[in-house]
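Spelled out, the chains give:
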Amino acid sequence: MKKDINIDIHHLTRIEGHGNIKVNIKNGAVEECVWQVPEAPRFFEAMVKGRHYSEVARITSRICGICAIGHTLASVKATENALGIEITPQTAKLRSILKHAENFDSHIVHVGVLVAPDLLGAPSVFPLVATHGEVVKTVLRLKRLGHEWGSMIGGRTTHPTTVIPGGFAKLITTDELKILKDKILARVDDLTALVETIVSLASDIPVFDRPTEYVALHSDEEYGLYDGCIQTVMPDGSKEQFDVRDYKKVTNEWVSPNSTAKYTRHKLESYAAGALARFNNNYEQLHPEAKKIAEVLGMKPIIGNPYLNSAAQVVECAHSVHESIRLIDEILADGGIKEEGIVQPVKFSSGTGSTEVPRGILFHEYNYDENGFCIDGNCIIPTNQNHANIQADFDKLVPELLEADKSKEQMALALEMLVRAYDPCISCSTHYLNVEFVG
Amino acid sequence: MSKPKVGFFDFACCEGCQIELSNFGDADFLELLNHINIVEWREVMSEKAGHLDIAFIEGSFTREKDRKQLEDIRARADVVIAYGACAATGGINALKNSVPDHKKRVYGDDRDMPHLDSFPVALSISEAIKVDYCVHGCPMDKYEFLDIVSHLLHGKEPVIPNYPVCVECKLRETVCRYDRGDHCLGMVARAGCGAICPAHGIPCEACRGFIDNPNEESLKEVLMKKGGLSEEWAEKKSRIFTNNQRSDAK
């Protein structure tokens, strides 16, 4: 039968920020099928102009309340790169633990609060309090851990206070670090329980395959999160690496009339960033406990089903827990936390910094004048890097759903779930710190 | 008040204040649910509601097309609370107000595309609709949020501090940033946060806005004489979160 279907989802729910889905099918033919980003632009680029280097990360942190730690880290890394600051190994380790905290924290919210209702057939997490009370409590306990874990090192998780260029304004103490380790260990059983719930629901994750280019940080030392170079992996497994300085060779931003956020493309019409992109690039470096979960979920790279991004997040939660314990043990074995001063600037120039936030690879770049005031900034957000890929998924998925004779409601749910799987952070992606360097 | 119907809404912001609510953990959050009935919250729910007892609005008013939605929320809600700096004062978004070419700097040649339209200045929610109460801060303090909700549930007027952050530093026995060779805005910044930033070794940036009648000239003088800031830096230092509250606000 030649169908007419009209889907117009204004301000999709259960995502960070505002997005619209529009599908118009007439007489069995797809006339329109778009992912729109109408979020209010916020002009962070203008905000950092003329600000002192000590203020810049505090401003750009406000791009996103969910990945504020990641923005702060990418920002101070870019500033340190511009100012010739070499941080100490202890600072790098603590920042890694902080980065793990954020990814864990955000993944728990996404999987446990935003995605789980789809898999359990509820419109939101609130009805689940009555029907799946234990699952909700487990999720909230894990969420609380993520918040405490990040706060103990970063001062707080939403716009961290202690992370500044050159080190930590206030260091976690050795005793606090031991407490943190105990707090993480105390929640391992909760994480196992959540994993079991997700595994039991995994058969409800839609089957769809559209392998693309996957971009993530890569480090020879560890599963790329806090630091590394840019790596891309193609559907055939071929990899290529780029220096973070050359990020624009990979991101190639452009403005779409459908979006207040800019889009990106590299080797294909679009690429993906995020947990699945990291998994596809760096699977071998996952902690053995995380690999076990991937095995149970039947996941091995290269995975081309974007719906499995949420499953990759679950795998990463386990990785972050066990890696952080390893890092804490390393610091403790080394005699605990040492009071170190803040490393001071040796020059003022331009620099880049990158880190993996929950939703993918993030780039910050700043240019400073001779007194340490910011001339210009540029910031490329993972959700921006995913918008074009979401659109490309739509273009393949909608005809497939039509072919499978899905109803309007089934099609709308499949599209909503697809967008949610990317865990888009639209308030981030329309931050608008994107500007070409002047001079 | 019986268990009130509550909705959460967001405009131009980072959604960090919503995230603060999720940081309560299981005990406090589930307890909160015993006292309020959350009926609308786009970020976490697909459900939509009609009448609301309390509407919490996060984010700034930055474009004409958002006015209608704000008016709709006002019409549906008995009490409107602007929560977080962006909603309460324009917050960090208002930093663009003093950079007239911000649109060109960001969009370049694409700046006139119709969907990119926005005001030249970022405004508080109260510029569009009547706001009954504000929860200040970037991010807001989740316990102050609880305190305000608790006051309303008991039919009491919430108490919002109108004394400076310096008071809270003294109570906390934090050594003054100026004595550490740093600078700080604590003497004109609205307290209520517990002076967390100086305690963590960084200056207060007045994310909760100014107290009433701040002495801007004196602030500038202290920043220069005691903080060692250049005149230009001292002049713009406090703008990060208070651009809409300055005497030269646009």
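Residues numbered from 1 in each chain as written. Chains lettered and ligands numbered in written order. Predicted model: local features only at pLDDT ≥ 70, side-chain atom pairs only at ≥ 80, totals over all residues. Heavy atoms only, no water.

**Concerning the sheet that holds strand 9 (residues 271-272) of chain A**
Residue and element names in this part refer to chain A.
1) Next: If you walk across this open sheet you meet the four strands as 8-7-6-9, and the pairing is mixed. Whereas interior strands pair on both sides, the edge strands pair on one side only; in this sheet they are strand 8 (239-242) and strand 9.
2) Next: Two elements, strand 7 (residues 229-233) and strand 8, share four bridges in a ladder whose sense is antiparallel. Bridging from a neighbouring strand, V233 pairs with K239 of strand 8.
3) Next: Along the sheet, helix 10 (residues 275-282) makes contact with strand 6 (213-218), strand 7, strand 8 and strand 9, crossing strand 6 at roughly 75 degrees. (Pairing = 2+ DSSP bridges. Helix = DSSP H or I, 4+ residues; strand = E, 2+ residues; numbered from the N terminus. Contact = heavy atoms within 4.5 Å. Axes fitted to C-alpha atoms, helices over the stretch in contact; angles between N-to-C directions.)

**A closer look at the interface of chain B and chain A**
1) Next: Facing 63 residues of chain B, the contacting portion of chain A comprises 70 residues.
2) Next: Interface area for chain B against chain A, summed over the two sides, is near 5,600 Å², with a carbon-plus-sulfur share of 60%.
3) Next: On inspection of chain B and its partner chain A, the count reaches two salt bridges.
4) Next: The interface formed by chain B and chain A includes 15 residue pairs in polar contact (both at pLDDT 80 or more).
5) Next: Counting residues per element, the ones that place at least two in the side of chain B that touches chain A are helix 1 (16-22), helix 2 (25-33), strand 2 (37-41), helix 5 (102-107), helix 6 (142-153), helix 8 (196-199), helix 10 (231-237) and helix 11 (239-242) of chain B.
6) Next: By residue number, the principal contributor to the side of chain B that touches chain A is helix 2 of chain B, which donates six residues.
7) Next: The residue inventory of the side of chain B that touches chain A, partitioned by class, reads 32 nonpolar, 12 polar and 19 charged. (Buried area = accessible area lost by both parts, 1.4 Å probe. Salt bridge = Lys/Arg side-chain N within 4 Å of Asp/Glu carboxyl O. Polar contact = N/O pair within 3.5 Å; in protein donor to acceptor, adjacent residues only side chain to side chain. Nonpolar A, V, L, I, M, F, W, Y, C, P; charged D, E, K, R; others polar.)

**Description of the nonpolar core**
Residues and elements named next belong to chain A.
1) Next: In this structure, L94, F279, M299 and M411 are the most contacted members of the largest nonpolar core, which totals 128 residues.
2) Next: Examining the composition of this core, we find that 12 residues originate from one element, helix 4 (residues 89-119), more than from any other.
3) Next: Apart from residues lying up to four places away in sequence, F279 is in contact with Y223, L286, A294, M299, K300, P301, I303, A312 and V315.
4) Next: In this structure, A78, A82, I85 and C379 belong to the second largest nonpolar core, which totals 31 residues. (Core = buried A, V, L, I, M, F, W, Y, C linked by side-chain atoms within 4.5 Å. Buried < 20%, exposed > 50% of the residue type's maximum accessible area, 1.4 Å probe, protein only.)

**Thoughts on the packing of aromatic side chains**
1) Next: Overall, the coordinates contain 18 aromatic pairs over all chains when judged by the stated rule.
2) Next: With 6.4 Å between their ring centres and 25 degrees between their planes, F126 of chain A and F29 of chain B make a pair best called stacked. Here F29 of chain B lies in helix 2 and F126 of chain A lies in helix 5 (residues 125-131), a pairing that spans two chains. Assigned by exposure class, F126 of chain A and F29 of chain B land together as buried.
3) Next: An aromatic cluster of three or more residues is present, and its members are F126 of chain A together with F8, F29, W41, F56, Y83 and F145 of chain B.
4) Next: Here the guanidinium or amino end of K77 of chain A rests over the ring plane of Y226 of chain A, the centre of that ring lying 4.3 Å away. (Phe/Tyr/Trp six-rings, centres within 6.5 Å; stacked < 30°, edge-to-face > 60°. Lys NZ or Arg CZ within 6 Å of the ring centre and 35° of its normal.)

**Some remarks on the confidence of the model for chain A**
1) Next: Mean pLDDT over chain A stands at 91; residues scoring 70 or higher make up 95%.
2) Next: In this model residues 429-439 of chain A is a low-confidence stretch, pLDDT under 50, and it forms 62 contacts with partners more than four residues away in sequence or in other chains. (pLDDT = per-residue confidence, 0-100.)

**Some words on the pairing of strand 4 (residues 77-83) of chain B**
Residue and element names in this part refer to chain B.
1) Next: Taken across its seven residues, strand 4 has six buried, putting it largely inside the fold.
2) Next: Looking at chain direction, strand 3 (residues 52-58) and strand 4 are connected through five bridges and run parallel. Paired with F56 across the strands is I81, a residue of strand 4.
3) Next: In this region the chain leaves strand 3, passes through helix 3 (residues 67-76) and returns to the parallel neighbour strand 4; the handedness of that crossover is right-handed.
4) Next: Where strand 4 meets strand 5 (residues 133-135), three bridges bridge the pair, whose relative direction is parallel. (Right-handed = clockwise from strand over helix to strand, strands pointing away.)

**A word on the packing of helix 4 of chain A against helix 12 (residues 309-333) of chain A**
Residue and element names in this part refer to chain A.
1) Next: Where helix 4 contacts helix 12, the two axes come as close as 9 Å, and the packing angle between them is 150 degrees. Relative to helix 12, the element helix 4 is oriented roughly antiparallel. Viewed along their axes, helix 4 and helix 12 form a crossing whose handedness is left-handed. (Parallel < 35°, antiparallel > 145°, perpendicular 65-115°, else oblique. Left-handed = near helix turned anticlockwise from the far one by under 90°.)

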